[in-house]
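What follows is the residue order along each chain.
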Amino acid sequence: MITAYDALFASIFDPYVDMILVGDSLNMSFSGKPDTLSAEMDQMIYHTQAVCRKVKRSFVLFDMPFGTYINDQIALENAVRVYRETEADAIKLEGGKEKAKLIRHLSDNAIAVFGHIGLKPQSVRSEGGYAIKGKTEPEKAEIIENAMALEEAGAVALIIEGVKPDVAQEVTRRVSIPTIGIGAGPDCDGQVLVWSDMLGFFDEFMPKFVKQYMDGGTLVREAVQRYASEVKSGLFPDENHSY
Ligand code: KIV
């Protein structure tokens, strides 16, 4: 799984991945906001529509923004809107066993739900930062309990973020639904990364779990610099690029 927020990159990624997440991380990497909390339904719907327009084969996952699933009714209204206005296959929401009843309500109404446990970026302000989870035995037990409660409630898969590898391994062993890790070690069933992190476009900070598969920022800076200097020096446009 990889994130995508627009038609252009979704079409580039689509042949090589199984799933595309339209993550609320776009609020940080593309809107320049300090966290994901101000992402809105309209914004996520717009980006998901763009992604779905060019995806031919990947499963598309819609990330429910902060505040859009605060109770059963609001969550269902917003999830129905996702299915009506986009072609997303499922929605994702953050939370543990306290969200089990809500997930059951959505599942009972034909919404496919991915849970998101461990480090929950939408809790950044209430928790005072992004801390790795599962470092102590009680924390580990709580994450496992959350995972099992979400499966029991009807979640179709789990994103596990920012946990010690042994926690993700144990969750993956205990649940029968797929687990997809990010900063969760090698033992989940699948893996997700934010595309602008893994391709080196977002370099404001780089979490340890991100592997950069290219240095996109440097490549683009060099190309744009060359373009600007060729225009200024008169090298471009030349005869080959004129009618
Ligand atoms: O918004 C996002 O990109 C995510 C990933 C970090 C899993 O939720």
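Look up a bit, the structure's there.
Heads up: these notes are all about the structure in this document. (Residues numbered from 1 in each chain as written. Predicted model: local features only at pLDDT ≥ 70, side-chain atom pairs only at ≥ 80, totals over all residues. Heavy atoms only, no water.)

## Description of the packing of aromatic side chains
And step 1. Taken as a whole and judged by the stated rule, the model has 8 aromatic pairs.
And step 2. Arranged with centres 5.8 Å apart and planes meeting at 45°, the rings of Phe9 and Phe13 form a pair that is tilted. Here Phe9 pairs with Phe13, and both are found in helix H1 (residues 7–13), just 4 residues apart, close to one helical turn.
And step 3. Here Phe9 falls in the partly exposed class, since its relative accessible area comes to 21%.
And step 4. With centroids separated by 5.9 Å and ring planes inclined at 55°, the aromatic side chains of Phe13 and Trp195 adopt a geometry described as tilted. Taken together, the residues Phe13 in helix H1 and Trp195 in helix H9 (residues 195–198) connect sequence positions 182 residues apart. (Phe/Tyr/Trp six-rings, centres within 6.5 Å; stacked < 30°, edge-to-face > 60°. Helix = DSSP H or I, 4+ residues; strand = E, 2+ residues; numbered from the N terminus. Buried < 20%, exposed > 50% of the residue type's maximum accessible area, 1.4 Å probe, protein only.)

## Focus on helix H10 (residues 216–233)
Given 3.6 residues to a turn, an α-helix orients residues that are three or four positions apart in the same direction.
And step 1. With 18 residues, H10 should cover 26 Å at 1.5 Å per step; its first-to-last C-alpha distance of 26 Å lies within 8% of that length.
And step 2. Just beyond H10, the residue with positive phi is Gly234, at close to 85°. (Expected span 1.5 Å × (residues − 1).)

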